[in-house]
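# Tertiary structure, described
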Amino acid sequence: MMFADGFWLGSLQPFDSIFDVDISFADFSNAAAMWMCLVALLSFHEFGHAWAAYKCGDDTARLMGRMTVNPVVHIDPIGTILIPWLMILMNSTNTDLGIAFFGWAKPVPVNPSNLSNRKRDDIFISMAGPIMNVILAIALVILYRLLLEFPIDTEKGAVVHEIVNIAFLSMILCMFNLIPIPPLDGSHVMRHVIGMSEMTYMNIARYGFIILIVVINLFPEIFNFVFGVSRSVIIFLVQLLGV
């Protein structure tokens, strides 16, 4: 069994300006910086899965060197590098294709036969990633609040304010992975709730990313919901800490 995680990359709209290349280096550098933050958040997310699996008795991920926050071992060449950077370049050159896309990290391997309670442990392992992102979001907002007490630049546009955006990104990563479409984390919970067999789940998961691309393009309100909930959580945390 593999715990695959995705992240939404936005949309590419009609291919009518492909030759109108006008690179915005400011947009490019900002997107590149957020990509690095995203990779770090994904690393913690995957570490959460691996750690939870280890606690449930399966050391497959640990033995494969995946129980770490080192981003190198979690990067998928296509899902974490090629597609996101293609999106960054297109956004920086105002090139659109009209398709919403997403990326992904390398799936964390889990051997169900090592789990003492397969249903309970599967749910726990699948939820560990999103929970890790919630913890990171809270920690980042707290860090932001503490930094504001120091004599640093806090004017509009100051770098310190980007911490809130990173926390927001962490919440989006959490909420997006709760979508109950295989192989996202939420689908593992859905499988047990509706009593789907593991074989049926694996057969659907083989085409999961294709299904997900179709769904997020036909029903953009799904990501609007993900975006809205994530934003509400961050606003609540910021207000709670009196920022």
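Refer to the structure above for everything that follows.
A short tour of the structure in this document, coming up. (Residues numbered from 1 in each chain as written. Predicted model: local features only at pLDDT ≥ 70, side-chain atom pairs only at ≥ 80, totals over all residues. Heavy atoms only, no water.)

Moving on to the packing of aromatic side chains. Note on aromatic pairs: each is described by the distance of the centres and the angle between the planes. Considering all chains together, one arrives at three aromatic pairs under this definition. Summarising the aromatic geometry, the rings of Phe168 and Phe227 are spaced 5.1 Å apart at their centres and angled 85 degrees between planes, so their arrangement reads as edge-to-face. Here Phe168, found in helix H5 (residues 162-177), pairs with Phe227, found in helix H9 (residues 221-240); they are 59 residues apart in sequence, far enough to count as distant. Lying across the ring of Tyr201, Arg191 places its NZ or CZ 5.6 Å from the centre. (Phe/Tyr/Trp six-rings, centres within 6.5 Å; stacked < 30°, edge-to-face > 60°. Helix = DSSP H or I, 4+ residues; strand = E, 2+ residues; numbered from the N terminus. Lys NZ or Arg CZ within 6 Å of the ring centre and 35° of its normal.)

With that settled, the discussion passes to the nonpolar core. Counting residues in each nonpolar core, the largest one holds 35 residues, and the members touching the most others are Phe176, Val226 and Ile234. Among the secondary structure elements, those contributing two or more residues to this core are helix H1 (25-55), helix H4 (118-147), H5, helix H8 (208-218) and H9. Looking at this core, the element that brings in the most residues is H5, giving 12 residues. Setting aside residues up to four positions removed in sequence, Val226 forms contacts with Ile172, Met175, Phe176 and Ile179. (Core = buried A, V, L, I, M, F, W, Y, C linked by side-chain atoms within 4.5 Å. Buried < 20%, exposed > 50% of the residue type's maximum accessible area, 1.4 Å probe, protein only. Contact = heavy atoms within 4.5 Å.)

Let us look at the environment of Val226. With respect to the helices and strands, Val226 occurs in helix H9. Separated by 48 residues in sequence, Val226 and Leu178 have C-alpha atoms that sit 9.2 Å apart.

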